[in-house]
Amino acid sequence: MRIKRDYSRPFFGSRRRRRPGRNLLPVLLLLALALAFFWLQRDTLQYAALDLVGLAPTPTPFASELATRGATLAQRGDLAGAAALFLQAVEQRPGNLDYLYEYGKLLIELDQAQDVLAQQPLFGGLSLADRAIELDSRDARGYALKARALVWVDEAADAIPVGTAGLEQDSNFAPLNAALGRAYTRIGRYQQGLDFTERAVQLDPLDVEARRSYAIALIWVGQRYEAISQLEDAAALQPRWKGPWFELAAQYLATDQDELAIATYDQILTLDRGDKRAMLRLCQAWAKVGRNDQAQGYCQDALDIDPQYAEAWIEIGRAKYTRRNYEGSIEAFENCANFGSTAIECWYLRGLAHYYLGQCDQAWTILNEALPMTQRLGEPGPIIANIREGLRLTTIDCPAYAGAALPTGIPPTPVPPTPIGG
């Protein structure tokens, strides 16, 4: 007998009915986990995708990397670029005294000492130098930075107690001795200036600032050739920094080593072809040796870079005045005055040029302006004598001013100029 099978039923007993969504649940769970992963890693994945097509942004470097790159740029002579990198390092690590100190030194070297002492939002109103001392009052670097900055902004007397306090922390720190020596030199205590700066060189013969500071002290006591030797060493130690070269060239000129001075200014232009100050100094050096055409060429080069460069206008005006091109000299001296210079030549030579052109009103007005300026600026007696003579001749040759009273007054004792510079 055959058994009929009901093929509508399962062979091995009854089966449960399937739920349509049961196998879908694991899939949805895996999908949710994948989406969560992608969301959490979206920045990394986006960067990888952009990097794949060459559009990924540059990651922010660490402060240590910025400082290393900054030190390299400084060694190469790019002080502005180095300062920018050290600023970023300081912003990342405001409590790092190493970065702070190097940044402050660069600012001073860039003639930005006012920024070292200025109120800085980054440090809640404290100066860089004060911040360095606040970070570690036992570290001499903060005192050295502040003393040097104070000297740089003509507050040398205030730098002395700061430097003295630093010596209590470390009397053998060469930059501190150099800064203190500069301060004593600036206020006229030359022997102490010599003692501290010479000690700075002895403590660290490779410190460029120590040798430059020692050179300044030597100049003030009349030892210019020894000062030149120190500056030559400083330039050799840091051949891509323009500061020592400028100072060295100025001393070559002061000792009538004019060819060496010109060669040194040319050396600066090999470091920076657009340095307007080197062009101006070449203008002055060539004028000193009587090569006026070359001198004027360099002054014009400086003005091509900066048409408002007042010092270059002074040299242009002086050269034209010497050649009796009074109209041209007046124009140059007017530019000099309009662009902010207080150099007395921009007034008294302009006034005399107006006199020689018979322009009596302008001569009388400008020479009267020039006389009190010479007194305020402590200009030497010959300039005052020239101004008074110009006024006297105006009363003689200009009918409108016949019998006019000449200004009176005894000028103060002239202030000697700083004997070093670029």
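Along each chain, residues carry numbers from 1 onward, in the same order as the chain's sequence is written. For a predicted model such as this one, the threshold for reporting local features is a pLDDT of at least 70, and the threshold for listing and counting side-chain atom pairs is 80 or more; totals across whole chains, interfaces and linings nevertheless cover every residue. Hydrogen atoms and water are omitted, and side-chain values are computed over all heavy atoms in the structure.

### Points about the overall build of the protein
Argument step 1. Secondary structure elements are defined from DSSP: runs of H or I of at least 4 residues count as helices, runs of E of at least 2 residues count as strands, and each element is numbered from the N terminus. When helices and strands are tallied, the protein shows 22 helices and zero strands.
Argument step 2. Here the protein holds 422 residues, and the buried ones make up 43% of them.
Argument step 3. Whether two residues are in contact is decided by their heavy atoms, any of which lying within 4.5 Å being enough. Counting contacts in the protein only where the partners sit at least 6 residues apart, residues at least 24 apart contribute 51% of the total.
Argument step 4. As displayed, the protein has an accessible area near 23,700 Å², and 53% of this comes from carbon and sulfur atoms. Exposed residues in this analysis have more than 50% of their type's maximum accessible area, buried residues have under 20%, and partly exposed residues fall in between, with area computed by a 1.4 Å probe over protein chains only. For the area figures, the Shrake-Rupley method with a 1.4 Å probe applies, and any residue is considered shielded solely by the protein chains shown.

### As for the pattern of salt bridges
Argument step 1. Salt bridge, as applied in this entry: a Lys or Arg side-chain nitrogen positioned within 4 Å of an Asp or Glu carboxyl oxygen. This model, assessed by the stated rule, comprises 25 salt bridges.
Argument step 2. Put simply, Asp275 and Lys242 hold a salt bridge, and the shortest N to O gap is 2.7 Å. Taken together, the positions of Asp275 in the loop between α15 (258-271) and α16 (276-288) and Lys242 in helix α14 (residues 242-254) put the pair 33 residues apart, joining distant regions of the chain.
Argument step 3. Overall, the relative accessible area of 25% leaves Lys242 in the partly exposed class.
Argument step 4. The partner of Arg323 in a salt bridge is Asp293, with the nearest N and O atoms 3.7 Å apart.

### Re α16
Argument step 1. Any helix carries an expected span of 1.5 Å times its number of residues minus one. With 13 residues, α16 extends 18 Å from end C-alpha to end C-alpha; this agrees with the ideal 18 Å at 1.5 Å per step.
Argument step 2. Elements in contact with the buried residues of α16: α14, α15, α17 (292-305) and α18 (310-322).
Argument step 3. A 3.5 Å cut-off defines polar contacts: any pair of N or O atoms within that distance qualifies, except that in protein one atom must be a possible hydrogen donor and the other a possible acceptor, and neighbouring residues in sequence count only when both atoms are side-chain atoms. Measuring from the side-chain oxygen of the N-cap residue of α16 to the backbone nitrogen of Arg277 gives 3.0 Å; that N-cap residue is Asp275.
Argument step 4. Just past α16, the residue Gly290 takes up positive phi, approximately 85°.

### A look at the packing of aromatic side chains
One pair of aromatic rings is described through two measures. These are the centre distance and the angle between the planes.
Argument step 1. Side-chain rings of Phe, Tyr and Trp (the six-membered ring for Trp) are treated as a pair once their centres are within 6.5 Å; stacked means planes under 30 degrees apart, edge-to-face means over 60, and tilted covers the remaining angles. Applying the stated criterion to the full structure yields eight aromatic pairs.
Argument step 2. Note on Tyr326 and Tyr356: the rings are 5.1 Å apart at their centroids and 20° apart in plane angle, and the pair reads as stacked. With Tyr326 in helix α19 (residues 326-338) and Tyr356 in helix α20 (residues 345-356), the pair connects residues that are 30 residues apart, well separated along the chain.
Argument step 3. Directly above the ring of Phe246 sits Arg277, whose terminal nitrogen or CZ lies 3.8 Å from the centroid.
Argument step 4. In this scheme, the term charge over a ring applies when either NZ of a lysine or CZ of an arginine sits within 6 Å of the ring centre and within 35 degrees of the ring normal. The ring of Trp347 has Arg350 sitting right over it, with the charged end atom 5.6 Å from the ring centre.

### Quick notes on the packing of helix α13 (residues 224-237) against α14
Argument step 1. Only the stretch in contact is used when a helix axis is fitted, and all axes are lines through C-alpha atoms; the angle between N-to-C directions ranges over 0 to 180 degrees. Between α13 and α14, the least distance of the axes is 9 Å, while the angle of their chain directions is 155°. Accordingly, the angle class assigned to the pair α13 and α14 is roughly antiparallel. As for the relative orientation of α13 and α14, their crossing is left-handed in sense. In contact with Arg224, Ile228, Leu231, Glu232, Ala234 and Ala235 of α13, α14 contributes Pro244, Trp245, Glu247, Leu248, Gln251, Tyr252 and Ala254.
Argument step 2. Nonpolar residues are Ala, Val, Leu, Ile, Met, Phe, Trp, Tyr, Cys and Pro. Charged residues are Asp, Glu, Lys and Arg, and all others, Gly as well, are polar. Classifying every residue of the contact of α13 with α14 gives nine nonpolar, one polar and three charged. Angular relationships are summarised with four words: roughly parallel below 35 degrees, roughly antiparallel beyond 145, roughly perpendicular across 65 to 115, and oblique for the angles in between. Here is the rule for handedness: rotate from the far helix to the near one, and if that takes an anticlockwise turn smaller than a right angle the crossing is left-handed, while a clockwise turn gives right-handed.

### Considerations on the nonpolar core
Argument step 1. Grouped together as the largest cluster of nonpolar side chains are 69 residues, with contacts concentrated most on Tyr265, Tyr321, Trp347, Tyr348 and Ile387.
Argument step 2. By size, the runner-up hydrophobic cluster in this structure holds 23 residues, among which are Tyr143, Ala147, Ile160 and Leu176. Buried residues of nine kinds, namely Ala, Val, Leu, Ile, Met, Phe, Trp, Tyr and Cys, make up a nonpolar core once their side-chain atoms join them within 4.5 Å.

### Describing the state of the cysteines
Argument step 1. The term disulfide is used for any two cysteine sulfur atoms that are within 2.5 Å. All chains considered together, the criterion is met by three disulfides.
Argument step 2. Disulfide pairing is shown between Cys283 and Cys299; the S-S distance is 2.1 Å. Here Cys283 and Cys299 share a disulfide; its torsion about the S-S bond, -90°, makes the bridge left-handed. Placement of the pair is Cys283 in helix α16 and Cys299 in helix α17, with a sequence separation of 16 residues.

### Topic: the side chain of Gln230
Argument step 1. Mapped onto the secondary structure, Gln230 falls in helix α13.
Argument step 2. In this structure Gln230 comes out as buried when scored by relative accessible area, which is 7%.
Argument step 3. Other than its neighbours up to four places away in sequence, Gln230 contacts Val201, Arg211, Tyr214, Ala215 and Leu218.

### A short note on the confidence of the model for the protein
Argument step 1. For the protein, per-residue confidence averages 85 on the pLDDT scale, and 79% of positions sit at 70 or higher.
Argument step 2. On a scale of 0 to 100, pLDDT captures the predictor's confidence in every residue. The model gives residues 1-15 a pLDDT under 50, and that stretch makes one contact with residues more than four places away or in other chains.
Argument step 3. Contacts for the low-pLDDT stretch residues 410-419, under 50 throughout, to residues beyond four places or in other chains number 13 contacts.

### A look at the environment of Glu109
Argument step 1. Take Glu109: it is sitting in helix α5 (residues 97-109).
Argument step 2. For the pair Glu109 and Gly243, spaced 134 residues apart in the sequence, the C-alpha separation amounts to 7.7 Å.

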